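# Topology and contacts: notes
Residues per chain, in single letters:
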Amino acid sequence: MTHPLVQQFLFTRSEWLRGLKGVSEEGSLQHFGPMNCISWTVGHLAWHEQRYWLDFAQGIVLFPSLNKEFAFGAPMSSPPLNEVMKMYKAVTKATLPYLESLDIEKLTTELLRHGKPSGQSIGSALHRITYHYWYHIGEVQAIRQMLGNLNLPVY
């Protein structure tokens, strides 16, 4: 059975995708002041998932470009939404077997980074990325309001 913390994370992912429904390619590229655009944010969350659940946990990097273009502190850019969505979907699909394997013992052990303890348990990393998703869900909905999108999801 999938651990409840993982179930909550998977639910959060589904809410993220629900918040992106109806975003146009053009709208996804719009910047407001120092805010990153929606398409960049999709790539950013793909980077986070690849970093934690593939690279740190398993030594797998599907898309090296995520580490350069979408990491925390990466320069502002406007990548095509369809391209980052393909990467996002590939990364999240690849993470499912690992996430579904997590149990209470694994969640409380150290999260490995290239074979060295990071000081963060897998469980705390799962909490962190879940809350990070919710931050970006709110941010994307604010951008969509500024774009004049109507009938946005209610959370």
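In this report, the structure presented in the accompanying data block is examined. (Residues numbered from 1 in each chain as written. Predicted model: local features only at pLDDT ≥ 70, side-chain atom pairs only at ≥ 80, totals over all residues. Heavy atoms only, no water.)

## Some details on the pattern of salt bridges
Inspection of the entire model under this criterion finds 2 salt bridges. The closest approach of N and O atoms between glutamate 49 and arginine 13, which form a salt bridge, is 2.5 Å. In this pair, glutamate 49 is assigned in helix α3 (residues 38–58) and arginine 13 in helix α1 (residues 4–20), connecting sequence segments 36 residues apart. Across the pair, arginine 13 and glutamate 49 agree in class, each one buried. A salt bridge links arginine 18 to glutamate 15; the nearest nitrogen and oxygen atoms lie 2.7 Å apart. Remark: glutamate 15 and arginine 18 occur in helix α1; sequence separation between them is 3 residues, near one turn of the helix. A relative accessible area of 29% places arginine 18 in the partly exposed class. (Salt bridge = Lys/Arg side-chain N within 4 Å of Asp/Glu carboxyl O. Helix = DSSP H or I, 4+ residues; strand = E, 2+ residues; numbered from the N terminus. Buried < 20%, exposed > 50% of the residue type's maximum accessible area, 1.4 Å probe, protein only.)

## Remarks on the environment of alanine 57
In this structure, alanine 57 sits in helix α3. Along the backbone, alanine 57 and leucine 112 are 55 residues apart, and their C-alpha atoms lie at a distance of 5.9 Å. In contact with alanine 57, other than residues within four places in its own chain, are Tyr52, Tyr98 and Leu112. (Contact = heavy atoms within 4.5 Å.)

## Re the side chain of glutamine 141
Residue position: glutamine 141 is located in helix α7 (residues 122–146). Within the local environment of glutamine 141, its side chain forms a polar contact with the backbone oxygen of glycine 19, the two atoms lying 3.0 Å apart. (Polar contact = N/O pair within 3.5 Å; in protein donor to acceptor, adjacent residues only side chain to side chain.)

## A look at a nonpolar patch on the surface
Together, Phe11, Tyr131, Trp134 and Tyr155 make up a nonpolar patch on the protein surface, roughly 440 Å² of accessible area in all. Inspection of the secondary structure puts tryptophan 134 in helix α7. Assessed through its relative accessible area of 30%, tryptophan 134 is described here as partly exposed. (Patch = residues over 30% accessible without salt bridge, like charges linked within 9 Å, V, L, I, M, F, W, Y side chains within 5 Å. Areas by Shrake-Rupley, 256 points an atom, 1.4 Å probe, with all protein chains shown as cover.)

## Digging into the packing of α3 against helix α5 (residues 81–101)
Between α3 and α5, the shortest axis-to-axis distance is 9 Å and the interhelical angle comes to 30°. With respect to α5, the axis of α3 lies roughly parallel. Like other packed secondary-structure pairs, α3 and α5 cross with a definite hand, here left-handed. Two secondary-structure elements touch here, α3 through Ser39, Val42, Gly43, Leu45, Ala46, Glu49, Gln50, Trp53, Leu54, Ala57 and Gln58 and α5 through Leu81, Val84, Met85, Tyr88, Val91, Thr92, Ala94, Thr95, Tyr98 and Leu99. Its residues placed into classes, the contact of α3 with α5 shows 14 nonpolar, 6 polar and 1 charged. (Axes fitted to C-alpha atoms, helices over the stretch in contact; angles between N-to-C directions. Parallel < 35°, antiparallel > 145°, perpendicular 65-115°, else oblique. Left-handed = near helix turned anticlockwise from the far one by under 90°. Nonpolar A, V, L, I, M, F, W, Y, C, P; charged D, E, K, R; others polar.)

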